[in-house]
Amino acid sequence: MEIFGVPAQALFGQLLIGLINGSFYALLSLGLAVIFGLLNIINFTHGAQYTMGAFVAYLLLNKLGLGYWAALVIVPLLVGATGVVIERFMLSRLYQLDHLYGLLLTFGLALIIQGLFRNAYGSSGLPYTMPEQLRGGQNLGFMFLPNYRVWVIVASLAVCLSTWFVIEKTKLGSYLRAATENPALVQAFGINVPRMITLTYGFGVGLAALAGVMAAPIYQVSPQMGGDLIIVVFAVVVIGGMGSIMGSIVTGFSLGLIEGLTKVFYPEASNTVIFIIMAIVLLIRPAGLFGTQK
Amino acid sequence: MAAVLSSAAGTRNGLQRERIAFVAMAAVFAAAPLVVYPLFMMKVMCFALFACAFNLLIGYVGLLSFGHAMFFGMASYATAHAAKKWGLTPELAILFGTACSALLGFVAGSLAIRRQGIYFAMITLALAQMVYFFCLQVPFTGGEDGIQAVPRGRLFGWIDLSQVWAMYTLVLVIFLGGFLLIYRVVHSPFGQILKAIRENESRAISLGYDVDNYKLLAFVLSATLAGLAGATKALVFQLASLTDVHWSMSGEVVLMTLLGGLGTVFGPVVGAAMIMSMENYLAQLGAWVTVVQGVIFVLCVLAFRRGVVGELIAWQHRREK
């Protein structure tokens, strides 16, 4: 069977890979958007924290014998806790200054984390064993669908949508949105805004770590895994605009799909297609597809 | 970013001090090869010019470009290609490389100045990554190997640049020339308008200035000079490689400028010299260099935002009061 002159198997295979990549773009850009909303900084450490998530999962499995399912819960909490420490002792000192300093600080932290992992584990990737329950796959006739990949897509969608629900539809979320608009006023109503900021950063970092755990069985666990990914995610964020939570989810998944399609029809451009889309969006709608110009 | 940048220059005293400092700096770089390896000093000068070009944008227009490696690296490739494959003389090869980065600067700048602040940084970073992938894939860059054994050739078809003193003099002239050009631009009426945009963009617009044009011009100028630095570097090391276009190079130039002092005239030069020496002496530590760089970043941002030269200026101010 062929579609547009491309074997169906290749087409669906790449679309699936695209959806997987899209899941990670969505999770990571969602975390960036949540952090940016309240803290007004771009978290450059996000890629390093994603790497950290994968490494901590690897260490839990190989040193403590704690498997994938435990890691899914423990790792985001652990890495999120390091985020809380970073926010409390470093980022909180920078809120009075230009936002670019936050970017520079988190870039420095990313270098430190990446360098430390490279010292300890070298540059080559480490394999992470897939959990038993998710091995194997379904034969759909036109393609083979590995169970783990389905799980990643479903889990990431679930996490993204529940984050959207919490922020847009609950009382806690309304505090958060209010604090984004006007922190001083919200504080005057007796809500502890600094603590909310700290926890928000911890949550965003936790999302990155969760993405790292989910990525560990698919990609190899390596110190560089986050460095290049985060730049693509930045482009995704510029395309979507950081104004809306739903926007970053939709943009993340669709850009993953577009990247997958490019791999089928014009593989030479598959690395650059997202950046090219970014350039086009900047020309037509500088604020981003879902953004509002501040 | 502007708050810490209030400059010392402008006053008569400051201007005179800067002139003395410039002469001293020129003398130090001219005499340095007597004590330090000339090749190392040439590297320092290339990166100092690169950092000065970057500083023009962040220090005087308030735009943080996180993708300056694309201009540095692209010019480096273009120069190496022109010198090796087309057999151009070194001055023409450098000119060609610089022109390429100016063109790239125009394209990237037109896109990036459509957003401000953090978005500007992300856009430049993403565009630079696109250039990186481009260089990784096109055949003329030689992929992972880069372009090696680039001939230095004869300057104007006459002076043999394989002689160390000749190459050193050329690099010194390019560096000092680029430095003076930036100095001149910063202190011109054009530079004053750039500072006005940095301090308050809406006010500059309301005064009738076409802000986007000024920003683009500054961006292209900065890209061109970064390219000049990269082009020179390609001839000095006779090599153009992927390292020059990678995002870590963009990070490095940010670090040099931050450490030396954002928005100070001499800061980037001091910062470049410090980072280059550190990398030179810590080279055997391998991946720890990245960690040390990260720590310097964090310390600079948290406790040392004025940088080395900025602190010196502030100290002088306190003493004069």
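What you see is a predicted model, and the numbers here were worked out from it, not measured in a lab.

Here we look at the overall build of chain A
Item 1. Within chain A, the secondary structure is distributed over 11 helices and 4 strands.
Item 2. The C-alpha radius of gyration computed for chain A amounts to 19 Å, which stays within 12% of the reference 19 Å derived for 294 residues, consistent with globular compactness.
Item 3. Principal axes of the C-alpha set define a box for chain A whose edges measure 65 × 50 × 35 Å.
Item 4. When burial is assessed residue by residue, chain A has 48% of its 294 residues classed as buried.
Item 5. In chain A, the share of contacts with a sequence separation of at least 24, taken over all contacts with a separation of at least 6, comes to 77%.

A short note on the overall build of chain B
Item 1. Assigned secondary structure in chain B consists of 13 helices and 2 strands.
Item 2. Here the C-alpha atoms of chain B give a radius of gyration of 19 Å, agreeing with the 20 Å that 2.2 N^0.38 yields for 321 residues.
Item 3. Taken over the C-alpha atoms alone, chain B extends approximately 55 × 45 × 40 Å along its principal axes.
Item 4. When contacts within chain B are restricted to residue pairs at least 6 apart in sequence, those whose partners lie at least 24 apart make up 76%.

Notes on the nonpolar core
Item 1. Counting 196 residues, the largest nonpolar core has A:Ala235, A:Met278, B:Ala48, B:Leu49, B:Phe50, B:Met122 and B:Ala126 as its most contacted members.
Item 2. With 17 residues, the top contributor of residues to this core is helix α2 (residues 38-60) of chain B.
Item 3. Setting aside residues no more than four positions away along its own chain, A:Ala235 makes contact with A:Ile274, A:Phe275, A:Met278 and B:Ala126.

Here we look at the interface of chain A and chain B
Item 1. Between chain A and chain B, the residue contacts involve 33 residues of the former and 34 residues of the latter.
Item 2. Mapped by element, the contributors of at least two residues to the side of chain A that touches chain B are α4 (100-121), α9 (225-240) and α11 (273-284) of chain A.
Item 3. Looking at the side of chain A that touches chain B element by element, the count peaks at 15 residues for α4(A).
Item 4. In terms of residue class, the side of chain A that touches chain B is built from 22 nonpolar, 7 polar and 4 charged.

So, the packing of helix α2 (residues 46-63) of chain A against helix α8 (residues 193-215) of chain A
How two helices sit against one another is set out by the angle between their axes and by the gap between those axes.
All names here are of chain A.
Item 1. Interhelical geometry of α2 versus α8 gives an angle of 50 degrees and a closest axis separation of 7 Å. With respect to α8, the axis of α2 lies oblique. Judged by the sense of rotation from one axis to the other, the crossing of α2 with α8 is right-handed. Note on element contacts: α8 touches α2 through Val205, Ala208, Ala209, Leu210, Ala211, Gly212, Val213 and Ala215, opposite His46, Gln49, Tyr50, Thr51, Met52, Gly53, Ala54 and Ala57.

Thoughts on the environment of B:Met167
Residue and element names in this part refer to chain B.
Item 1. Note on placement: Met167 falls in helix α6 (residues 164-186).
Item 2. Taking the C-beta count within 10 Å as the criterion, Met167 has 22 such neighbours and is therefore assigned buried.
Item 3. Separated by 28 residues in sequence, Met167 and Pro139 have C-alpha atoms that sit 29 Å apart.

Rules behind the numbers
Residues numbered from 1 in each chain as written. Chains lettered and ligands numbered in written order. Predicted model: local features only at pLDDT ≥ 70, side-chain atom pairs only at ≥ 80, totals over all residues. Helix = DSSP H or I, 4+ residues; strand = E, 2+ residues; numbered from the N terminus. Rg over C-alpha atoms; globule rule 2.2 N^0.38 Å. Buried ≥ 20, exposed ≤ 12 C-beta atoms within 10 Å, placed from the backbone. Contact = placed C-beta atoms within 7 Å. Core = buried A, V, L, I, M, F, W, Y, C linked by C-beta atoms within 7 Å. Nonpolar A, V, L, I, M, F, W, Y, C, P; charged D, E, K, R; others polar. Axes fitted to C-alpha atoms, helices over the stretch in contact; angles between N-to-C directions. Parallel < 35°, antiparallel > 145°, perpendicular 65-115°, else oblique. Left-handed = near helix turned anticlockwise from the far one by under 90°.

Without other data, these values stay purely geometric and don't point to any function.
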